[in-house]
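# Per-entry structural report
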Amino acid sequence: MEDMGEGEEPAASLHFVGMKEDLIKAKRSFRNLEGRDILVLYHQEIFYALDFHCYHAGGPLQNGDIEEFDGKLCIVCPKHKYKISLAEGEGIYRATNPYAPVPTTRWYSKGIKQRVHTVTETDGVVYVTLSHMSRFIESDYFQGEKGKVERERMEAKDSSKKSNTTS
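All of the points below concern the structure found in this document. (Residues numbered from 1 in each chain as written. Predicted model: local features only at pLDDT ≥ 70, side-chain atom pairs only at ≥ 80, totals over all residues. Heavy atoms only, no water.)

## A look at the pairing of strand β7 (residues 72-76)
Put simply, the rule is: Each residue is assigned to one of three classes by its accessible area relative to the maximum for its type, calculated with a 1.4 Å probe on protein chains only: buried under 20%, partly exposed between the two thresholds, exposed over 50%. Note on conventions: DSSP H or I runs of at least 4 residues are helices, E runs of at least 2 residues are strands, and numbering of each starts at the N terminus. Two strands pair under a simple rule: DSSP has to find at least two bridges between them.
With four of five residues buried, β7 is to be regarded as a mostly interior element. Of the pairings in the sheet, the one linking strand β6 (residues 65-69) to β7 comprises five bridges and is antiparallel in character. What sits directly across from E68, in β7, is L73. Pairing analysis gives three bridges linking β7 to strand β8 (residues 83-85), with the strands arranged antiparallel.

## Topic: the environment of Y48
Stated formally: Residue contacts follow a heavy-atom distance rule, with two residues in contact if any of their heavy atoms lie within 4.5 Å.
Take Y48: it is sitting in strand β5 (residues 46-51). Each C-alpha atom of the pair Y48 and V116 lies 7.9 Å from the other, and the pair is 68 residues apart in sequence. Beyond its immediate sequence surroundings of up to four residues, Y48 is in contact with L39, V40, L41, H43, L73, L86, A87 and V119.

## What about unusual backbone geometry?
Of note in this structure, K27 is not a glycine but carries a positive phi near 65 degrees. Checked against the element boundaries, K27 lands in the loop between α1 (20-26) and β3 (28-33). By relative accessible area, which is 52% here, K27 ends up exposed. Of note, the phi angle at D70 is positive, near 50 degrees, even though the residue is not glycine. Among the secondary structure elements, D70 is positioned in the loop between β6 and β7. By relative accessible area, which is 48% here, D70 ends up partly exposed.

## Quick look at the nonpolar core
Put simply, the test is: We call a set of buried Ala, Val, Leu, Ile, Met, Phe, Trp, Tyr and Cys residues a nonpolar core when their side-chain atoms join them within 4.5 Å.
L41, L50, L61, I75 and L86 are the most contacted members of the largest nonpolar core, which has 15 residues in total. Listed by contribution, the elements that provide at least two residues to this core are β4 (36-43), β5 and β7. Beyond its immediate stretch of four places on either side in the chain, L61 contacts R28, L39, L50, D51, F52, H53, C54, I75, C77, P78, I84 and Q114.

## Quick notes on the sheet that holds β6
Let me state the cut-off plainly: Axes here refer to lines fitted to C-alpha atoms; in helices the fit is confined to the stretch in contact. Angles between the N-to-C directions go from 0 to 180 degrees.
Spatial ordering of the open sheet is given by β6-β7-β8-β9-β10, a layout of five strands whose pairing is antiparallel. The two strands at the open ends of the sheet, each matched to only one other strand, are β6 and β10 (105-112). Direction aside, neighbouring strands of the sheet carry axes that sit 40 degrees apart on average. In the sheet, β8 pairs with strand β9 (residues 90-96) via two bridges, with the strands oriented antiparallel. Looking at the pairing, I84 lines up with G91 of β9.

## A short note on the pairing of β9
For a regular strand, side-chain orientation follows a simple rule: the groups alternate between the two sheet faces. Linking β8 back to β9 in an antiparallel pair, the connection comprises four residues, with G89 at a positive phi of about 80 degrees. Pairing between β9 and β10: seven bridges, direction antiparallel. Paired with E90 across the strands is I112, a residue of β10.

## Some thoughts on the state of the cysteines
This is how the line gets drawn: Cysteine sulfur pairs qualify as disulfides if the two atoms are within 2.5 Å.
Using the criterion set out here, one finds zero disulfides in the structure. C74 forms no disulfide, and the closest cysteine sulfur to it belongs to C54, at a distance of 12 Å. The cysteine C77 is free of any disulfide, with C54 supplying the nearest cysteine sulfur at 3.9 Å.

This is the structure in structure tokens:
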């Protein structure tokens, strides 16, 4: 999170997301900015903002656990347990290299998978600047129309599974 100097006006690309005190109390908040679903969260005295839907299958990240893996603070997608670093949006996983002389389990990177956004706070007001990284990032898919249809299809499928198991 960046602090702005006193008297500085926020740039036009900043989006008001809430008052610092309210966001701290909420810990996690959903916002829609320029048609993009964003999760704003507060953890260990730091604000983070990232795409709301997991890059893997579009599951909502809002209720994901926050854990540290390989020295990186991550949100764990509640749907399929994918681990995403809060700072970079990097997907990480633990595996064993079967070709290593002594197979040892370690952490690997999938690269940047989840779009993260910049959070700025000034005088108790919190803003998010959307990432304008030009390359496609996997979480972008679930922000578009095709991704929205796919999320709805998966939610309907999950709902029918749940109703079949409770019948």
